[in-house]
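# Structural overview
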Amino acid sequence: MGSAIVIGGGIVGASVAWRLSEAGMQVTLLEGGGLGQGSTLASFAWLNGSFIHDRDYFLLKLDGLAEYRSLERELGSTPWLHQVGHIEWNSAANETVDSRGSDGLPVADADLSGSERLRKKVRTLREWGFPADLLPVRELRALEPDLVASPD
(Lines give C-alpha, C1' and ligand atoms only; values in the text may rest on other atoms or scores of the structure.)
Protein backbone atom coordinates (compact mmCIF):
# COMPACT_ATOMS: atom_id res chain seq x y z
CA MET A 1 0.00 0.00 0.00
CA GLY A 2 2.85 2.39 0.74
CA SER A 3 5.42 3.27 3.30
CA ALA A 4 5.91 5.98 5.89
CA ILE A 5 8.60 7.15 8.27
CA VAL A 6 7.39 8.43 11.64
CA ILE A 7 9.86 10.50 13.64
CA GLY A 8 9.41 10.29 17.39
CA GLY A 9 8.27 7.38 19.51
CA GLY A 10 6.25 9.22 22.11
CA ILE A 11 2.50 8.75 22.50
CA VAL A 12 1.72 10.70 19.32
CA GLY A 13 4.41 9.13 17.12
CA ALA A 14 3.69 5.62 18.36
CA SER A 15 -0.04 6.11 17.80
CA VAL A 16 0.48 7.43 14.28
CA ALA A 17 2.81 4.52 13.46
CA TRP A 18 0.30 2.01 14.85
CA ARG A 19 -2.65 3.43 12.89
CA LEU A 20 -0.64 3.60 9.66
CA SER A 21 0.45 0.00 10.17
CA GLU A 22 -3.16 -1.02 10.79
CA ALA A 23 -4.05 0.62 7.48
CA GLY A 24 -1.53 -1.67 5.75
CA MET A 25 1.40 0.69 5.38
CA GLN A 26 5.02 -0.31 5.88
CA VAL A 27 6.12 1.92 8.79
CA THR A 28 9.55 2.82 10.06
CA LEU A 29 9.53 4.50 13.47
CA LEU A 30 12.61 6.58 14.30
CA GLU A 31 13.27 7.44 17.93
CA GLY A 32 16.47 9.01 19.24
CA GLY A 33 16.04 7.78 22.80
CA GLY A 34 13.64 5.22 24.18
CA LEU A 35 9.98 4.77 23.31
CA GLY A 36 7.72 6.91 25.46
CA GLN A 37 10.59 9.12 26.57
CA GLY A 38 10.91 12.85 25.91
CA SER A 39 7.84 14.99 26.45
CA THR A 40 5.60 11.95 26.90
CA LEU A 41 7.70 10.86 29.88
CA ALA A 42 7.95 14.40 31.26
CA SER A 43 4.17 14.84 31.18
CA PHE A 44 3.65 11.73 33.32
CA ALA A 45 0.95 11.00 30.71
CA TRP A 46 -1.31 13.16 32.85
CA LEU A 47 -4.62 13.55 31.08
CA ASN A 48 -6.80 16.34 32.35
CA GLY A 49 -9.23 19.03 31.39
CA SER A 50 -8.99 21.19 34.44
CA PHE A 51 -5.96 23.32 33.63
CA ILE A 52 -7.74 25.94 31.61
CA HIS A 53 -6.38 28.79 29.54
CA ASP A 54 -9.45 29.42 27.44
CA ARG A 55 -12.63 27.62 26.46
CA ASP A 56 -11.36 26.38 23.07
CA TYR A 57 -8.26 24.85 24.68
CA PHE A 58 -10.45 23.30 27.37
CA LEU A 59 -12.70 21.72 24.71
CA LEU A 60 -9.64 20.37 22.88
CA LYS A 61 -8.52 18.71 26.12
CA LEU A 62 -11.97 17.17 26.60
CA ASP A 63 -11.81 15.78 23.05
CA GLY A 64 -8.44 14.24 23.92
CA LEU A 65 -9.90 12.63 27.05
CA ALA A 66 -12.73 11.18 24.95
CA GLU A 67 -10.18 9.69 22.55
CA TYR A 68 -8.38 7.96 25.42
CA ARG A 69 -11.70 6.46 26.57
CA SER A 70 -12.30 5.30 22.99
CA LEU A 71 -8.84 3.75 22.88
CA GLU A 72 -9.53 1.98 26.18
CA ARG A 73 -12.74 0.49 24.73
CA GLU A 74 -10.85 -0.62 21.63
CA LEU A 75 -7.92 -2.21 23.46
CA GLY A 76 -9.78 -3.65 26.42
CA SER A 77 -7.88 -3.71 29.67
CA THR A 78 -5.49 -0.76 29.89
CA PRO A 79 -3.58 -0.97 33.17
CA TRP A 80 -1.55 2.08 32.13
CA LEU A 81 -4.65 4.31 31.91
CA HIS A 82 -5.99 5.63 35.21
CA GLN A 83 -8.85 8.08 34.84
CA VAL A 84 -9.15 9.51 38.28
CA GLY A 85 -8.95 13.26 38.68
CA HIS A 86 -6.84 15.45 40.87
CA ILE A 87 -6.84 17.71 43.87
CA GLU A 88 -5.68 21.30 44.08
CA TRP A 89 -5.69 23.26 47.26
CA ASN A 90 -4.92 26.67 48.55
CA SER A 91 -3.49 27.61 51.88
CA ALA A 92 -2.25 30.83 53.42
CA ALA A 93 1.27 29.70 52.52
CA ASN A 94 0.29 29.52 48.85
CA GLU A 95 -1.48 32.86 48.42
CA THR A 96 0.90 34.35 45.86
CA VAL A 97 1.79 33.15 42.38
CA ASP A 98 4.28 34.16 39.75
CA SER A 99 2.83 36.01 36.80
CA ARG A 100 3.90 33.11 34.54
CA GLY A 101 3.30 29.40 35.07
CA SER A 102 5.74 26.54 34.58
CA ASP A 103 4.74 26.43 30.90
CA GLY A 104 5.83 30.06 30.45
CA LEU A 105 2.28 31.22 29.76
CA PRO A 106 0.78 34.09 31.75
CA VAL A 107 -1.10 32.88 34.82
CA ALA A 108 -4.75 33.81 34.62
CA ASP A 109 -5.89 36.04 37.45
CA ALA A 110 -2.42 36.35 39.00
CA ASP A 111 -3.75 39.46 40.76
CA LEU A 112 -6.29 37.39 42.74
CA SER A 113 -5.50 35.63 45.99
CA GLY A 114 -5.03 31.88 45.79
CA SER A 115 -8.44 31.15 47.30
CA GLU A 116 -10.16 33.63 44.96
CA ARG A 117 -8.40 32.06 41.95
CA LEU A 118 -9.43 28.57 43.03
CA ARG A 119 -13.07 29.61 43.53
CA LYS A 120 -13.13 31.28 40.12
CA LYS A 121 -11.57 28.22 38.47
CA VAL A 122 -14.13 25.85 40.01
CA ARG A 123 -16.97 28.19 38.99
CA THR A 124 -15.68 28.36 35.39
CA LEU A 125 -15.20 24.60 35.12
CA ARG A 126 -18.75 24.02 36.37
CA GLU A 127 -20.13 26.56 33.87
CA TRP A 128 -18.36 24.61 31.11
CA GLY A 129 -19.92 21.34 32.29
CA PHE A 130 -16.77 19.87 33.88
CA PRO A 131 -17.20 18.16 37.26
CA ALA A 132 -15.39 20.24 39.87
CA ASP A 133 -15.98 20.60 43.59
CA LEU A 134 -14.72 23.00 46.20
CA LEU A 135 -14.22 21.05 49.43
CA PRO A 136 -12.84 21.84 52.86
CA VAL A 137 -9.68 19.95 53.89
CA ARG A 138 -11.63 17.64 56.23
CA GLU A 139 -13.63 16.32 53.26
CA LEU A 140 -10.46 15.96 51.16
CA ARG A 141 -8.99 13.77 53.89
CA ALA A 142 -12.03 11.49 53.56
CA LEU A 143 -11.23 11.08 49.84
CA GLU A 144 -7.45 10.92 50.28
CA PRO A 145 -6.62 9.64 53.79
CA ASP A 146 -2.87 10.11 53.29
CA LEU A 147 -3.23 13.76 52.29
CA VAL A 148 -0.97 16.04 54.29
CA ALA A 149 -2.30 19.58 54.15
CA SER A 150 -2.33 22.37 56.66
CA PRO A 151 -5.67 22.81 58.45
CA ASP A 152 -6.15 26.31 57.00
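In what follows, the structure referred to is the one given above.
The structure contained in this document is the topic of the report that follows. Just so it is clear, the structure is predicted and the values come from calculations on it, not from any experiment.

To continue, consider helix α4 (residues 114-127). Given 3.6 residues per turn, any residue in an α-helix points the same way as the ones three and four places further on. The first and last C-alpha atoms of α4 sit 20 Å apart over 14 residues, in line with the 20 Å expected at 1.5 Å per residue. Looking at α4, one finds that the buried residues are Gly-114, Arg-117, Leu-118, Lys-121, Val-122, Thr-124 and Leu-125. End-on, the buried residues of α4 take up no more than an arc of 165 degrees, which puts them together on one face. In this fold, the buried residues of α4 make contact with α3 (55-75). The positive-phi residue at the C-terminal boundary of α4 is Gly-129, with phi of around 85 degrees.

A separate point is the environment of Trp-128. Here Trp-128 lies in the loop between α4 and α5 (137-143). Along the sequence, Trp-128 and Phe-58 sit 70 residues apart, while their C-alpha atoms lie 8.9 Å from each other.

Time to look at the nonpolar core. Nonpolar side chains tend to gather and get buried jointly when the protein is soluble and globular. Core analysis: the biggest nonpolar cluster contains 5 residues, these being Phe-58, Val-122, Leu-125, Phe-130 and Ala-132. Not counting residues within four places of it along the chain, the set of residues in contact with Phe-130 comprises Gly-49, Ser-50, Phe-58, Leu-62 and Leu-125.

A cluster of nonpolar side chains, contributed by Ile-5, Ile-7 and Leu-30, occupies part of the molecular surface with about 350 Å² of accessible area. Along the chain, Ile-7 turns up in strand β1 (residues 3-7).

Where β1 and strand β2 (residues 26-30) come together, 5 bridges link them in parallel fashion. Looking at β2, one finds that Ala-4 is bridged to Val-27. With helix α1 (residues 11-22) bridging β1 and its parallel neighbour β2, the resulting β-α-β unit is right-handed.

With 21 residues, α3 should reach 30 Å at 1.5 Å per residue; the first-to-last C-alpha distance of 30 Å fits that figure. Buried within α3 are the following residues: Phe-58, Lys-61, Leu-65, Tyr-68 and Leu-71. Buried residues of α3, viewed axially, fall in a sector of 130 degrees; they line one side. Opposite the buried face of α3, at more than 90 degrees from it, the exposed residues are Asp-56, Leu-60, Asp-63, Glu-67 and Arg-73. Just past α3, the residue Gly-76 takes up positive phi, approximately 85 degrees.

Moving on, we come to the pattern of salt bridges. Here the structure, examined in full by the defined rule, presents 3 salt bridges. Among the salt bridges present, the one from Arg-19 reaches Glu-22, with a minimum N-O distance of 2.8 Å. Here Glu-22 and Arg-19 lie together in helix α1, a separation of 3 residues that amounts to about one turn. With a shortest N-O distance of 2.8 Å, Arg-19 and Glu-74 are connected by a salt bridge. Separated by 55 residues along the polypeptide, Arg-19 in helix α1 and Glu-74 in helix α3 bring together distant segments of the chain.

What counts, and at which threshold
- Residues numbered from 1 in each chain as written.
- Predicted model: local features only at pLDDT ≥ 70, side-chain atom pairs only at ≥ 80, totals over all residues.
- Heavy atoms only, no water.
- Helix = DSSP H or I, 4+ residues; strand = E, 2+ residues; numbered from the N terminus.
- Expected span 1.5 Å × (residues − 1).
- Buried < 20%, exposed > 50% of the residue type's maximum accessible area, 1.4 Å probe, protein only.
- Arc of directions from axis to C-beta.
- Contact = heavy atoms within 4.5 Å.
- Core = buried A, V, L, I, M, F, W, Y, C linked by side-chain atoms within 4.5 Å.
- Patch = residues over 30% accessible without salt bridge, like charges linked within 9 Å, V, L, I, M, F, W, Y side chains within 5 Å.
- Areas by Shrake-Rupley, 256 points an atom, 1.4 Å probe, with all protein chains shown as cover.
- Salt bridge = Lys/Arg side-chain N within 4 Å of Asp/Glu carboxyl O.
- Pairing = 2+ DSSP bridges.
- Right-handed = clockwise from strand over helix to strand, strands pointing away.

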